[in-house]
Amino acid sequence: MITPPGVAWIIGGGSGIGAAMALQLAQAGWMVAISGRRIERLNEVAAKSSRIKPFQLDVTDIAAIEEAVTRVASQFGRIDLFVFGAAAWQPSRLADYDFEGFHALVDTNLLGFVRMANPLVRQMERQEGGGQIAVIASVAGYFGLPRAAAYNATKGALINLLQTMRTELKPKRIRVRMLAPGFFKSELTAKNDFPMPFLMETDAAAKRAIDGLLRSERFEIAFPRRLAWPMKLLRMLPYPVFFSITDKMMPKP
Ligand SMILES: NC(=O)c1ccc[n+]([C@@H]2O[C@H](COP(=O)([O-])OP(=O)(O)OC[C@H]3O[C@@H](n4cnc5c(N)ncnc54)[C@H](OP(=O)(O)O)[C@@H]3O)[C@@H](O)[C@H]2O)c1
């Protein structure tokens, strides 16, 4: 399946994989709306292509979301592909489940998407041919690992939610997709002080995401395979074996 160019809306389109996806989609003939909080970053990306338009939005601001969906849909006529890539990331301290830290990540990564879901579904139901809703989760959402309690929990919850939405929205001709990247270079990973196996270039990660979205019908788009497949295998192990591996990720006392 190859999807013809249409209208895309990328949340987190001012930086990282979102900006790279916006530029690649624009080059392929799509009209692209990009959103995020920092207008200057959105403007920098939009300056690179007349097909990209900035729409400043904070996904924690529920009042602004409904209006943003209406603005994007009325400016472009429809929304064929919605990509949610907004995320906050902070390594969690070992054995510390600090409420404020959790709240900040859940509010953006999970509830940010939930706030957008109903207005988007209503828009896609109204338009001929339905649409696609894609969320950038992560292989980090496959299971819980030390030092990433809050982030992993948000990504795991997103994967679970998207599984439900995939089934529930199919009759409405809305296709739900889940992106599960490994590590790629971005402002987010620049904060990491641990080894990141198979770290990808941002543009290469964006290309994998777009190819998966436009050239396949798959629910899950996981890459790079050399990281995604071992992670999938780890997820399938019986818990005693799984925990014997994750125990080794803890620092020596
Ligand atoms: N880098 C990796 O290795 C990796 C791996 C797996 C998954 N991911 C996921 O990929 C997605 C993109 O991340 P990235 O690595 O490309 O890093 P990034 O450049 O930091 O992208 C995160 C984006 O989210 C936006 N954002 C954050 N809070 C927001 C809010 N409240 N409202 C609206 N937008 C908000 C940011 O823009 P503003 O700050 O301007 O709002 C930024 O553009 C994230 O979902 C991340 O979890 C990344």
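Above this text is the structure in question.
Novice: Quick question: what am I supposed to make of the sheet that holds strand β7 (residues 220-223) here?
Specialist: Consider a sheet: its strands pair through backbone hydrogen bonds, and that pairing is either parallel or antiparallel. With respect to topology, 7 strands assemble into an open sheet ordered β3-β2-β1-β4-β5-β6-β7, the strand pairing being parallel. Both edges of this open sheet fall to β3 (52-54) and β7, since each of them pairs with a single strand only. For this sheet the average axis-to-axis angle between neighbouring strands, irrespective of direction, equals 15°. When strand β1 (residues 7-11) meets strand β4 (residues 81-84), the two strands line up parallel, connected through 4 bridges. Residue Ile11 lies in a different strand from β4, and its bridge partner there is Phe84. Its contacts with the sheet place helix α1 (residues 16-27) against β1, β2 (31-35), β3, β4, β5 (131-136) and β7, and it is angled at close to 170° to β1. On the sheet, helix α4 (residues 99-126) packs against β1, β4, β5 and β6 (174-181) and is oriented at approximately 170° with respect to β4.

Novice: What should I look at first to understand the site of the ligand in this one?
Specialist: In the region of the ligand, 26 residues are neighbours, and Ser15, Arg37, Tyr151, Phe184 and Ser186 sit closest. Within the side chain of Tyr151, an N or O atom sits 2.5 Å from an oxygen atom of the ligand. Look at the ligand: alone it shows 870 Å² of surface, and the protein chains cover 95% of it. Elements represented by at least two residues in the shell around the ligand include exactly α1 and α5 (149-169).

Novice: Please clarify how the packing of helix α3 (residues 62-76) against α4 should be interpreted in this entry.
Specialist: Describing two packed helices takes the angle between their axes plus the distance from one axis to the other. Direction vectors running N to C along α3 and α4 enclose 30°, while the axes themselves pass 9 Å from each other. As summarised for this structure, α3 and α4 are arranged roughly parallel, according to the angle between their axes. In this structure, α3 meets α4 at a crossing whose hand is right-handed. Within the contact between the two elements, α3 uses Ile62, Ile65, Glu66, Val69 and Ala73 and α4 uses Arg115, Met116, Pro119, Arg122 and Gln123. In terms of residue class, the contact of α3 with α4 is made up of 6 nonpolar, 1 polar and 3 charged.

Novice: Explain α5 to me, please; I cannot follow it from the model alone.
Specialist: Three- or four-residue spacings in an α-helix give side chains the same orientation, since the helix completes a turn every 3.6 residues. Its 21 residues give α5 an end-to-end C-alpha distance of 30 Å, which sits within 8% of 30 Å, the value for a rise of 1.5 Å per residue. The complete set of buried residues in α5 reads Ala150, Tyr151, Asn152, Thr154, Lys155, Leu158, Ile159, Leu162, Met165 and Leu169. Looking at the buried residues of α5, the elements they touch are α4, β5 and β6.

Scoring rules and cut-offs
- Residues numbered from 1 in each chain as written.
- Predicted model: local features only at pLDDT ≥ 70, side-chain atom pairs only at ≥ 80, totals over all residues.
- Heavy atoms only, no water.
- Pairing = 2+ DSSP bridges.
- Helix = DSSP H or I, 4+ residues; strand = E, 2+ residues; numbered from the N terminus.
- Axes fitted to C-alpha atoms, helices over the stretch in contact; angles between N-to-C directions.
- Contact = heavy atoms within 4.5 Å.
- Near = heavy atom within 4 Å.
- Polar contact = N/O pair within 3.5 Å; in protein donor to acceptor, adjacent residues only side chain to side chain.
- Areas by Shrake-Rupley, 256 points an atom, 1.4 Å probe, with all protein chains shown as cover.
- Parallel < 35°, antiparallel > 145°, perpendicular 65-115°, else oblique.
- Left-handed = near helix turned anticlockwise from the far one by under 90°.
- Nonpolar A, V, L, I, M, F, W, Y, C, P; charged D, E, K, R; others polar.
- Expected span 1.5 Å × (residues − 1).
- Buried < 20%, exposed > 50% of the residue type's maximum accessible area, 1.4 Å probe, protein only.

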